[in-house]
2 protein chains.
Amino acid sequence: MATAPHILICDDDPVVHESLGLYFENEHFTYSSAYDGRDALAHVASDKPDLIILDVMMPEKTGIEVCREIRKTLSTPIIILTAKGEEIDRVLGLELGADDYIVKPFSPREVIARIKAVLRRINEPQENTSFLRFEGLEINLDNYQVKVKGELVPCTPKEVEILHLLASHIGQVMDREQILSLIWGYDYFGDTRTVDTHIKRIRQKIYYEGAPWSLITVYGVGYKFEVNS
Amino acid sequence: MATAPHILICDDDPVVHESLGLYFENEHFTYSSAYDGRDALAHVASDKPDLIILDVMMPEKTGIEVCREIRKTLSTPIIILTAKGEEIDRVLGLELGADDYIVKPFSPREVIARIKAVLRRINEPQENTSFLRFEGLEINLDNYQVKVKGELVPCTPKEVEILHLLASHIGQVMDREQILSLIWGYDYFGDTRTVDTHIKRIRQKIYYEGAPWSLITVYGVGYKFEVNS
DNA sequence: ATGAATGTGAACAAATCGTAAAAACTATTT
DNA sequence: AAATAGTTTTTACGATTTGTTCACATTCAT
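This write-up is about the structure you can find in this document. Within any chain, residue numbers begin from 1 and follow the written order of that chain's sequence. To label them, take the chains in the order written and letter them from A, then take the ligands in the order written and number them from 1. For this predicted model, a pLDDT threshold of at least 70 governs which residues receive local features, and a threshold of 80 or more governs which side-chain atom pairs are given and counted, while totals over whole chains, interfaces and linings are taken from all residues. Side-chain measures here rest on the full set of heavy atoms in the structure, leaving out hydrogens and waters.

### A short note on the nonpolar core
Now for step 1: Residues enter a nonpolar core if they are buried and are Ala, Val, Leu, Ile, Met, Phe, Trp, Tyr or Cys, with the set joined through side-chain atoms within 4.5 Å. Categorising residues by exposure relies on relative accessible area from a 1.4 Å probe, with only protein chains included: less than 20% of the type maximum marks a residue as buried, more than 50% marks it as exposed, and the intermediate range marks it as partly exposed. Core analysis: the biggest nonpolar cluster contains 53 residues, and Phe225 of chain A together with Phe24 and Ile115 of chain B have the highest contact counts within it.
Now for step 2: Where helices and strands are cited, they refer to DSSP runs of H or I of at least four residues and of E of at least two residues respectively, numbered from the N terminus. At six residues, helix H6 (residues 157-167) of chain A tops the list of elements feeding residues into this core.
Now for step 3: In this structure, Ile139, Ile179, Ile206 and Tyr208 of chain B belong to the second largest nonpolar core, which totals 29 residues.

Shown next as structure tokens:
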């Protein structure tokens, strides 16, 4: 995205595509179109857009569902689109990991401004491997902050580091030795069970009923961070 | 280096390669290995790394010599590695044009943080950020003046510099080593607790009840400037 | 059913931090 | 050159937070 960003528009209303497309061409943004939830996910995978505009009401899969799906693997910026009457809570969208929220009908200026703002915000801390976001969970290794459902949860340095390590390798099991050498360092020789205690505390702090992710024990091997599918 | 940086590790100890390699893979950095000075220079020429980690004690050619060689033609960032006991003058390495200096044994966090800091520093064009303004707080590094609620608060040079450093990296935790390096310079040997004393004085001078910003301690890591807590 | 691996709470140990005060340093004036 | 004022650095101690280990309960795979 060194040059102009590529944007994916997901909405079942062709009029929205037409008007947004017009604005985007004017700004020299490129874009592609999806007209239902399933199509949206396909485009996300194939087009690798720099930003996704997601209407809440769509056939096949709602914007909420699509957002949740995307957040399982990607942190591509998402802007949620919703009609004025729709009783979708703003907070909900943002808890799902969306980056902004626009109510229809929108003005061209507003949309462009929001997109630019989001892209600026996302790009500022370059190559964001230190910031991870999932539905209802944010892990920031720059400020050592963990947020659950948008709420700051006080975690100790080791806790943040371990959680970040596991969460940045979704589904991959890491054994205790690996965790120790990656977090503590190559010259650490302590009890491997120490890891267990930290895992316990992390679970206590971040887990909530119905969380779409979890720290899973792989018996005889180690731990992994999983996202529900 | 639009994506992940490529790093060249030069050290005669395989254990160092193993552990650093582990950290780097985890960060999605790519890397290559050299085990003596001559080999190092060959790799520098062929691999064109984005950053070079250079152990001082190596067969064939010492890190110092290699560093000198490299600097004849390239400005690739170099981080010098040295064992705790080695009586190599810290200044020497940095006078040769190295960008930072890490003492073994090192922690993963430290190494990764230093690398990112160096790369960031190299890549970022200097902006004019000498004047910072927040609600109820102004920091001017041109005339070394700090104003709280419009009132001039007498601060010493070190105090202004530290405050400015932290305030120009909102939310980002900086550890004491980083602060010392950036304010005092790489050739400083003093106690890291010195930073604490300055932080204390800065807090005493600038803080007021209900200030929308604060200097926050991140236990086990360092300090950060936060807005809107 | 059994032994090994893991969950968990509590006790203990270690590391870190805030602070004040003393000491060292610097620059300037007498 | 000595005195002074201002600044910086070091040191020390107590308070606090965090990390580690242990003991025992529970779960798991065979």
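### A word on the sheet that holds strand E2 (residues 30-34) of chain B
Residues and elements named next belong to chain B.
Now for step 1: Two strands qualify as a pair provided that DSSP identifies no fewer than 2 bridges between them. Taken in spatial order, the five strands make up an open sheet running E2-E1-E3-E4-E5, and their pairing is parallel. Only two strands of the sheet have a single partner each, and these edge strands are E2 and strand E5 (100-104). With strand direction ignored, the average angle separating the axes of adjacent strands in the sheet is 20 degrees.
Now for step 2: In this sheet, strand E4 (residues 78-83) lies alongside strand E3 (residues 51-55) in parallel orientation, the contact comprising four bridges. Whenever a helix is involved, its axis is fitted only over the stretch in contact; in every case the axis is a line through C-alpha atoms, and angles between N-to-C directions fall within 0 to 180 degrees.

### A look at the packing of aromatic side chains
Now for step 1: Two rings from Phe, Tyr or Trp (for Trp, the six-membered ring) form a pair when their centres sit within 6.5 Å of each other. Planes less than 30 degrees apart are called stacked, planes more than 60 degrees apart edge-to-face, and all others tilted. All chains considered together, the criterion is met by 14 aromatic pairs over all chains.
Now for step 2: Centroid distance phenylalanine 24 of chain B to phenylalanine 29 of chain B: 5.9 Å. Interplanar angle 45 degrees. Geometry classified as tilted. Here phenylalanine 24 of chain B matches phenylalanine 29 of chain B in class, with each residue buried.
Now for step 3: Ring centres of phenylalanine 24 of chain B and tyrosine 31 of chain B lie 6.1 Å apart, and the angle between their planes is 70 degrees; on these two criteria the pair is classed as edge-to-face.
Now for step 4: You can call tyrosine 31 of chain B partly exposed: its relative accessible area is 28%.
Now for step 5: Ring pairing ties together the aromatic residues Phe134, Tyr207, Tyr208, Trp213 and Phe225 of chain A, which thus form one cluster.
Now for step 6: Two limits define a charge over a ring: the Lys NZ or Arg CZ must be within 6 Å of the ring centre, and within 35 degrees of the ring normal. The ring of tyrosine 208 of chain A has lysine 149 of chain A sitting right over it, with the charged end atom 4.4 Å from the ring centre.

### So, the protein's contact with DNA strand C
Now for step 1: Nearness is defined per residue: one heavy atom within 4 Å of the molecule or strand is enough. Close contacts around DNA strand C come from 24 residues, with Thr217 and Tyr223 of chain A together with Arg193, Thr217 and Tyr223 of chain B the closest.
Now for step 2: In the interface set of DNA strand C, defined as its atoms within 4 Å of the protein, sugar plus phosphate atoms amount to 50%.
Now for step 3: Separating a base nitrogen of DNA strand C from a side-chain N or O atom of arginine 193 of chain B is a distance of 2.7 Å.
Now for step 4: Within 3.5 Å is the distance limit for a polar contact, defined as a pair of N or O atoms, with the added protein rule that one can donate a hydrogen and the other accept it, and that residues adjacent in sequence qualify only through two side-chain atoms. Here arginine 203 of chain B contributes a side-chain N or O atom positioned 3.0 Å from a phosphate oxygen of DNA strand C.
Now for step 5: Among the secondary structure elements, those contributing two or more residues to the surface near DNA strand C are helix H8 (193-206) and strand E11 (213-218) of chain A together with helix H8 (193-206) and strand E11 (213-218) of chain B.
Now for step 6: Gly counts as polar in this scheme, as do all residues outside two lists: the nonpolar Ala, Val, Leu, Ile, Met, Phe, Trp, Tyr, Cys and Pro, and the charged Asp, Glu, Lys and Arg. When the residues that make up the surface near DNA strand C are grouped by side-chain class, the tally is eight nonpolar, seven polar and nine charged.

### So, the interface of chain B and chain A
Now for step 1: Each partner contributes to the interface: chain B provides 26 residues, whereas chain A provides 19 residues.
Now for step 2: Note: buried area is the sum, over both parts, of the accessible area (probe 1.4 Å) each one loses when the two are combined. Interface area, chain B with chain A, both sides summed: about 1700 Å², of which 52% is carbon and sulfur.
Now for step 3: A carboxyl oxygen of Asp or Glu within 4 Å of a side-chain nitrogen of Lys or Arg is what we treat as a salt bridge. For arginine 109 of chain B, the salt bridge is made with glutamate 161 of chain A, and the minimal N-O distance between the two is 2.3 Å.
Now for step 4: Remark: the boundary between chain B and chain A carries five residue pairs in polar contact (both at pLDDT 80 or more).
Now for step 5: Counting only elements with at least two residues in the side of chain B that touches chain A, the list comes to helix H1 (14-26), helix H5 (108-123) and strand E12 (222-227) of chain B. Between two residues, a contact is recorded if the distance between any of their heavy atoms is within 4.5 Å.

### Here we look at the side chain of aspartate 11 of chain B
All names here are of chain B.
Now for step 1: Assignment of secondary structure puts aspartate 11 in the loop between strand E1 (6-10) and H1.
Now for step 2: Given a relative accessible area of 0%, aspartate 11 falls into the buried group.
Now for step 3: If sequence neighbours within four positions are ignored, aspartate 11 has contacts with Val16, His17, Ala34, Tyr35, Asp55, Met58, Leu81 and Lys104.

### Things to note about the sheet that holds strand E12 (residues 222-227) of chain A
Residues and elements named next belong to chain A.
Now for step 1: Strand order in the open sheet made by the three strands is E10-E12-E11, with antiparallel pairing throughout. Here the strands that pair on one side only, and so sit at the sheet edges, are strand E10 (174-175) and E11.
Now for step 2: By the bridge criterion, two bridges tie E10 to E12 in an arrangement that is antiparallel. Paired with methionine 174 across the two strands is tyrosine 223, which belongs to E12.
Now for step 3: This element, H6, spans E10, E11 and E12 of the sheet and lies at about 65 degrees to E12.

### Points about the packing of H1 of chain B against H5 of chain B
All names here are of chain B.
Now for step 1: Interhelical geometry of H1 versus H5 gives an angle of 60 degrees and a closest axis separation of 10 Å. In this view, H1 runs oblique relative to H5, as classed from their interaxial angle. By crossing handedness, the relation of H1 to H5 is classed as right-handed. Contacts between H1 and H5 involve Leu20, Tyr23 and Phe24 from the first element and Pro108, Val111, Ile112 and Ile115 from the second.
Now for step 2: Class assignment of the residues belonging to the contact of H1 with H5 gives a composition of seven nonpolar, no polar and no charged. Angular relationships are summarised with four words: roughly parallel below 35 degrees, roughly antiparallel beyond 145, roughly perpendicular across 65 to 115, and oblique for the angles in between. Crossings are sorted by hand: turned counterclockwise from the far helix by less than a right angle, the near helix makes the crossing left-handed, and turned clockwise it makes it right-handed.

### Topic: the protein's contact with DNA strand D
Now for step 1: Taken together, 22 residues surround DNA strand D, and among them Thr156, Lys158 and Arg201 of chain A together with Thr156 and Trp184 of chain B come closest.
Now for step 2: Here a phosphate oxygen of DNA strand D sits 3.2 Å away from a polar atom, N or O, in the main chain of lysine 158 of chain B.
Now for step 3: Among the elements of the structure, H8 of chain A together with helix H6 (157-167) and H8 of chain B are those that each provide at least two residues to the surface near DNA strand D.
Now for step 4: Here the surface near DNA strand D is built from residues that sort into seven nonpolar, nine polar and six charged.

### Some points on unusual backbone geometry
Now for step 1: The amide bond that connects lysine 104 of chain B to the next residue, proline 105 of chain B, takes the cis arrangement and shows omega of -5 degrees.
Now for step 2: Residue position: proline 105 of chain B is located in the loop between E5 and H5.
Now for step 3: The backbone of glutamate 60 of chain A shows a phi angle near 75 degrees, a positive value even though the residue is not glycine.
Now for step 4: Its identity as a non-glycine residue notwithstanding, lysine 149 of chain B has a phi of 50 degrees, on the positive side.
Now for step 5: Inspection of the secondary structure assignment puts lysine 149 of chain B in the loop between strand E8 (145-148) and strand E9 (151-153).

### Points about the side chain of threonine 76 of chain B
Now for step 1: Within the fold, threonine 76 of chain B resides in the loop between helix H3 (63-73) and E4.
Now for step 2: Those residues in contact with threonine 76 of chain B that lie beyond four places of it in its chain are Pro49, Asp50, Leu51, Ile52, Arg71 and Asp99 of chain B.

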